[in-house]
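Geometric and topological summary
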Amino acid sequence: MMGPSHALSGATVWLAGSWALDQFADYHQSPLALAVGTAVCAGGALFPDLDLSGKVTTNQGGATVARTFGVVSLFFAEVMEKVSLGVYYATKLSRDPKRSNGHRTLTHTIPFTVLVGWGTTALCAAYGKWAVIGVLFFTIGLALRGLFDRWAERAGWVIVTLVSLAAAWFTYANLPGGRGYPLIGVALGVGCFVHILGDMITRAGVPILWPIPIKRRMWTMIGLPNKIALRTGSKAETVVLRVVMTVVALLAATGLVARPVLQRFDIEI
């Protein structure tokens, strides 16, 4: 899947999940907490593609996440790609094919998703304010790059970076600390998992079962059969799938906003 589709899927899942919790578990979130969770989940749904690097010296190529903060993010993408490739060769079995890059390996696994979610929560709890601002800055930047890709492309990475920093600072200053840290970690972990599910419906698949060996392969790619799999960049993805996700997200957001608005005007629901 393309970057904008991944980001939209993260936002949609978080909004739909929040609506379900609001309706059936009586778990209510403030508008700001809901916005933060949606943005972090949307950004997290781009994070696994940090293993797709580009050309650092010319600020070109790479996945959406790699281009978000210019040469800085391209550099980290290059490092992650090499680390992922190293883990692949360190753990591959006899039937695993040779690879020249680490895309769709380590960062597209369940252990990585769990580590990201747990690690983010632990980091924010241990280092407080500055860790929270850093995570928000990074994930909000990814969300902007994914959800508003055309604007971000025109504005350039410097503007995206400045907007992300301002949004992160404002969010932390107004987000209740008691519920903010777990919310951020869970949203980021959910976003990574949604990314994996999104890539599973494409032809290439993902090694979601790693590190479980299957028939002398450690990195078995799991996905839909080619006949029904989604082709990256096709109209089925960029039109049909995105329209469906947008409708679901808008319906969920409307359902979440309707209750407090009606209650504010003393209207029974």
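Residues numbered from 1 in each chain as written. Predicted model: local features only at pLDDT ≥ 70, side-chain atom pairs only at ≥ 80, totals over all residues. Heavy atoms only, no water.

Looking up the protein in an unreviewed UniProt entry gives the name Metal-dependent hydrolase, with the organism given as Micromonospora musae.

This brings us to a nonpolar patch on the surface. Together, L147, F148, W151, W157, V158, I159, L162 and V163 give the surface a local cluster of nonpolar side chains, amounting to about 690 Å² of exposed area. No other element matches the five residues that helix α8 (residues 157–174) contributes to the nonpolar patch. Among the secondary structure elements, F148 is positioned in the loop between α6 (129–147) and α7 (149–155). Classification of F148 as partly exposed rests on a relative accessible area of 48%. (Patch = residues over 30% accessible without salt bridge, like charges linked within 9 Å, V, L, I, M, F, W, Y side chains within 5 Å. Areas by Shrake-Rupley, 256 points an atom, 1.4 Å probe, with all protein chains shown as cover. Salt bridge = Lys/Arg side-chain N within 4 Å of Asp/Glu carboxyl O. Helix = DSSP H or I, 4+ residues; strand = E, 2+ residues; numbered from the N terminus. Buried < 20%, exposed > 50% of the residue type's maximum accessible area, 1.4 Å probe, protein only.)

A separate point is the pattern of salt bridges. Considering all chains together, one arrives at five salt bridges under this definition. A salt bridge links K82 to E78, with the nearest nitrogen and oxygen atoms 2.6 Å apart. Of the two residues, K82 and E78 are both situated in helix α4 (residues 71–91); the distance of four residues between them amounts to about one turn of the helix. The class of K82 is partly exposed, set by a relative accessible area of 46%. Note on E78: relative accessible area 25%, which makes it partly exposed. One salt bridge in this structure joins R145 and E153, with 2.7 Å as the shortest N-O distance. Using a relative accessible area of 6% as the deciding quantity, one classes R145 as buried. Among the charged side chains, a salt-bridge network with shared partners connects E78, E81 and K82.

This paragraph deals with the state of the cysteines. For the structure on display, the rule yields zero disulfides. Here C124 stays free of any disulfide, with the sulfur of C192 as its closest cysteine sulfur at 14 Å. Of all cysteine sulfurs in the structure, the one in C41 sits closest to C192, which takes part in no disulfide; the separation is 8.9 Å. (Disulfide = S-S within 2.5 Å.)

Between helix α2 (residues 31–44) and α6, the least distance of the axes is 7 Å, while the angle of their chain directions is 75 degrees. As the angle between them shows, α2 and α6 are arranged roughly perpendicular. Along its contact with α2, which presents V36, A39, V40, A42 and G43, the element α6 presents L136, T139, I140, L142, A143 and L147. Residues that form the contact of α2 with α6 fall into these classes: nine nonpolar, two polar and no charged. (Axes fitted to C-alpha atoms, helices over the stretch in contact; angles between N-to-C directions. Parallel < 35°, antiparallel > 145°, perpendicular 65-115°, else oblique. Contact = heavy atoms within 4.5 Å. Nonpolar A, V, L, I, M, F, W, Y, C, P; charged D, E, K, R; others polar.)

As a further point, take the packing of helix α5 (residues 110–127) against α6. Packed helices, taken two at a time, are described by the angle between their axes plus the distance between the axes. Between α5 and α6, the shortest axis-to-axis distance is 6 Å and the interhelical angle comes to 140 degrees. Residues T120, L123, C124 and Y127 of α5 form the contact with α6, whose participating residues are K129, W130, A131, V132 and V135. Across the contact of α5 with α6, the residue classes tally to seven nonpolar, one polar and one charged.

Scanning the model with the defined rule gives ten aromatic pairs in all. Here the aromatic rings of F75 and F76 are separated by 5.7 Å at their centres, their planes lie at 70 degrees, and the arrangement is edge-to-face. For the pair Y88 and Y89, a centre-to-centre distance of 5.5 Å together with 85 degrees between the ring planes defines the contact as edge-to-face. Owing to a relative accessible area of 2%, Y88 belongs among the buried residues under this scheme. Exposure remark for Y89: the relative accessible area of 37% places this residue in the partly exposed category. One aromatic cluster is present, built from ring pairs that chain together F47, F69, F112, F137 and F138. (Phe/Tyr/Trp six-rings, centres within 6.5 Å; stacked < 30°, edge-to-face > 60°.)

Let us now look at the environment of T105. Structurally, T105 is set in the loop between α4 and α5. A residue is classified by how much of its surface remains accessible, and T105, at 0% relative accessible area, is buried. Considering only alpha carbons, one finds T105 and E81, 24 residues apart in sequence, at a separation of 9.0 Å. Excluding residues within four positions of it along the chain, T105 makes contact with D51, S84, Y88, R99, P207 and W219.

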